Amino acid sequence: FAEVIRGSLKSWLSWSWTYVCAVWFAMVLTMIYVLRSPLKLQESVTAASVFLNTLTPKFYVALTGTSSLISGLILIFEWWYFRKYGTSFIEQVSVSHLRPLLGGVENSSSAGLFTSASGEVEQRPSVSGKQAYMYTWVTGREPLTYYDMNLSAQDHQTFFTCDTQQLKPEDTVMQKAWRERNPQARIRAAYQALELNHECAAAYVLLAEEEATTIVEAERLFKQALKFGMHHIRPHPQSDMRDTNLLVYIKRRLAMCARKLGRIKEAVKMMRDLMKEFPLLGMLNIHENLLEALLELQAYADVQAVLAKYDDISLPKSATICYTSALLKARAVSDKFSPEAASRRGLSTAEMNAVEAIHRAVEFNPHVPKYLLEMKSLILPPEHILKRGDSEAVAYAFFHLQHWKRAEGALNLLHCTWEGTFRIIPYPLEKGHLFYPYPGCTETADRELLPSFHEVSVYPKKELPFFILFTAGLCSFTAMLAMLTHQFPDLMGIFVKAFFNTLFAPLGFFADKMESFMPSCLWYQLTRI
């Protein structure tokens, strides 16, 4: 009850503040008019008019020149501050110092209800090197950047070489192979490693990734790698962690091959077995591949069961988890959803849950909806993605757009509601709603991960602040006045006098009307008071 009273009082104060200001302004005007005789305002206005008449054109030139110089300096400082810090200095001062004093939202960067792994570049098996090579051969464009391939080379050295006290000769060759940027050089090194040891699992992995021209051939090479990898590890239960990583990678790739060849149930079984066998390797995000495969099977109950385990407040989020949760809730109501009907009757509980899930997903990664709604063209996803960045949005939409299209009306519901998220979070870099504030470093990292021909999505959009535009307009206007005053001093003097006379004309007209309306004796008594 106390909260209701407090809310009503606050709303009443905000409603009455406009009228209080209007009454205060009217009282000030009334007091000025009443006290015009004791304060000799008429003589002051007359003296001001005489003073303006006595000013020389040179004074106007100096005045406009000085104001132009000052506004120009302000404009230069505002532009420099905006280029360096990404925001207007005047706007930043207003938001940081004046808004809290006026009862605005506090600028804190505290966590919301959920946590997020922002700013993490993680590896995900998206496309193989052969696919990237074929894409380059067909389009003439490089889909993978040097930075992305360099990260892949580091991952390959981590996953695919055995860390023993003394490296074997084939492991030394494979270490050099993964550093090579030329695909043909990597393939030659893999064959050289097989000549040294025909059971080198890492060499078969490289050949499957680089030389195989079909998925069937790649699957055959991965099975050979798995056979020799299992034979190498079985005698050593306490084997090196890198050997375990190699096995996990091979099994995951075999599951993805089965997924692409249409053996989806087999792929789901392989992924589930892999997650049971290596439960601590959640960093590889195998559950996200499992979610995509289950969506392809339209096993929505199983999808919900996986989300119940991984969409937890204590676990890091991803675009796959957030948008898949939104898809399931949107699918339940999207086939009958109509914006016109919803505006008339309001949203039902299920529709409200779906809209809130979409807002949650958009807050985590605001770049995804434009790809799902095909407002931006898709490209081949990179091998590494940045959480909450444009690279993650490209990778998610590349693999999940078909699932959104399959759910009738889901894209229509997304189209009608996703932009409402930005009204909930007016300052996403300062304070989030359900997640941490949106990291401002994603743009730089995404430009390194995504190819140059792709237009990187930027959030929030860095538009020129109003204060910079206002300062630029003021500077241009005063510079024009200075130039005109210098060229036509007499004409500008006449113009300034006419301008001020026109400016004070409404005040004189209002005073004359008040004198004619009110009795003269009343004004006399008020002036005596």
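By the naming in an unreviewed UniProt entry, the protein chain is Suppression of tumorigenicity 7 like, taken from Electrophorus electricus. Listed in UniProt under the heading Subcellular location (unreviewed entry), the comment for the protein chain reads: "Membrane".

We now examine the packing of aromatic side chains. All chains considered together, the criterion is met by seven aromatic pairs. Residues Phe 398 and Phe 399 carry aromatic rings whose centres are separated by 5.0 Å and whose planes lie at 80° to one another, so their mutual orientation is edge-to-face. Ring centres of Tyr 438 and Tyr 459 lie 5.1 Å apart, and the angle between their planes is 90°; this geometry places the pair in the edge-to-face category. Of this pair, Tyr 438 sits in the loop between α21 (421-424) and α22 (442-449) while Tyr 459 sits in the loop between α22 and α23 (466-487); the two residues are 21 residues apart in sequence, bridging distant segments of the chain. The pair formed by Tyr 438 and Tyr 459 is uniform in burial state, with each residue classed as buried.

The residues that UniProt annotates with the feature "transmembrane region" (unreviewed entry) are residues 12-35, 59-82, 464-485 and 491-510. Taken as a whole, residues 491-510 contains 100% helix and 0% strand, while its terminal C-alpha atoms sit 30 Å from one another.

Let us look at the packing of helix α13 (residues 286-297) against helix α19 (residues 390-406). As a packed pair, α13 and α19 sit with axes 10 Å apart at the nearest point and diverge in direction by 35°. By crossing handedness, the relation of α13 to α19 is classed as left-handed. Residues Glu 292, Leu 295 and Glu 296 of α13 lie in contact with α19, whose contacting residues are Phe 399, His 400, Gln 402, His 403 and Arg 406. Its residues assigned to classes, the contact of α13 with α19 comprises two nonpolar, three polar and three charged.

Here we take up a nonpolar patch on the surface. Together, Phe 495, Phe 499, Leu 503, Phe 504 and Leu 507 line one region of the surface with nonpolar side chains, adding up to about 540 Å² of accessible area. Tracing the backbone through its elements, the reader meets Phe 504 in helix α24 (residues 489-517). The partly exposed category is assigned to Phe 504, whose relative accessible area is 46%.

Turning to the environment of Tyr 427, a few remarks are in order. With respect to the helices and strands, the residue Tyr 427 is situated in the loop between α21 and α22. Taking the C-alpha atoms as reference points, Tyr 427 and Pro 460, 33 residues apart in sequence, are found 8.8 Å from one another.

Moving on, we get to the environment of Lys 260. Considering the arrangement of structural elements, one finds Lys 260 in helix α11 (residues 241-260). Put simply, Lys 260 and Ala 293 are 33 residues apart on the chain and 9.8 Å apart in space, counted from C-alpha to C-alpha.

In this section: the side chain of Thr 421. Position of Thr 421 among the secondary structure elements: in helix α21. Taking relative accessible area as the criterion, Thr 421 reaches 3% and is therefore assigned buried. At a separation of 3.0 Å, a polar atom in the side chain of Thr 421 contacts the main-chain carbonyl oxygen of Trp 418. With sequence-adjacent residues up to four places away left out, Thr 421 is seen in contact with Ile 358, His 359, Val 362 and Glu 363.

Attention now moves to the nonpolar core. Core analysis: the largest hydrophobic core is formed by 63 residues, its most contacted members being Tyr 323, Leu 372, Trp 404 and Leu 414. The element best represented in this core is helix α15 (residues 319-331), accounting for eight residues. Once residues lying within four places of it in the same chain are set aside, the contact partners of Leu 414 are Ile 358, Pro 369, Leu 372, Leu 373 and Trp 404. In terms of nonpolar packing, the next biggest core, distinct from the first, is built from 31 residues, Ile 187, Ala 218, Leu 226 and Cys 257 among them.

This part covers the pattern of salt bridges. When the charged atoms of two side chains lie near each other, side chains of opposite charge can form a pair. Scanning the model with the defined rule gives 13 salt bridges in all. Among the salt bridges present, the one from Glu 443 reaches Arg 447, with a minimum N-O distance of 2.9 Å. Of this pair, Glu 443 and Arg 447 are both found in helix α22, four residues apart, which corresponds to roughly one turn of the helix. Overall, Arg 447 belongs to the partly exposed group, its relative accessible area being 46%. The network of salt bridges with shared partners includes Arg 259, Glu 292, Glu 296 and Arg 406.

What counts as what
The residue count restarts for each chain, going from 1 along the sequence in the order it is written. Local features in this predicted model are restricted to residues of pLDDT 70 or higher, and side-chain atom pairs are both shown and tallied only at a pLDDT of 80 or more, whereas totals for entire chains, interfaces and linings draw on every residue. Water and hydrogen atoms were dropped before computing side-chain values, which therefore reflect all heavy atoms in the structure. UniProt positions are given in the numbering used here, feature names are shortened, and annotations may be inferred rather than shown by experiment. Ring geometry is summarised as follows: Phe, Tyr and Trp rings, the Trp one being its six-membered ring, pair when their centres sit within 6.5 Å, and such pairs are stacked at plane angles under 30 degrees, edge-to-face over 60 and tilted between the two. Numbered from the N terminus, helices here are DSSP runs of H or I no shorter than four residues, and strands are runs of E no shorter than two. Only protein chains enter the calculation, and the probe is 1.4 Å; a residue is then buried if its accessible area is under 20% of its type maximum, exposed if over 50%, and partly exposed in between. Axis definition: a line fit to C-alpha positions, over the contact stretch in the case of helices; interaxial angles, taken between N-to-C directions, run 0 to 180 degrees. Crossings are sorted by hand: turned counterclockwise from the far helix by less than a right angle, the near helix makes the crossing left-handed, and turned clockwise it makes it right-handed. Whether two residues are in contact is decided by their heavy atoms, any of which lying within 4.5 Å being enough. Three categories are distinguished: nonpolar for Ala, Val, Leu, Ile, Met, Phe, Trp, Tyr, Cys and Pro, charged for Asp, Glu, Lys and Arg, and polar for the others, with Gly belonging to the last. Residues enter patches when they are more than 30% accessible in relative terms and free of salt bridges; like-charged ones are connected within 9 Å and nonpolar ones (Val, Leu, Ile, Met, Phe, Trp, Tyr) within 5 Å. Each accessible area value is a Shrake-Rupley result obtained with a 1.4 Å probe; residue values ignore everything except the protein chains displayed when judging cover. The rule for a salt bridge is simple: a side-chain nitrogen of Lys or Arg has to be within 4 Å of a carboxyl oxygen of Asp or Glu. In the analysis that follows, any N or O atom pair within 3.5 Å is treated as a polar contact, provided that within protein one partner can donate a hydrogen and the other can accept it, and provided that, for residues neighboring in sequence, both atoms belong to side chains. Only buried Ala, Val, Leu, Ile, Met, Phe, Trp, Tyr and Cys residues count toward a nonpolar core, and they belong to the same one when joined by side-chain atoms within 4.5 Å.

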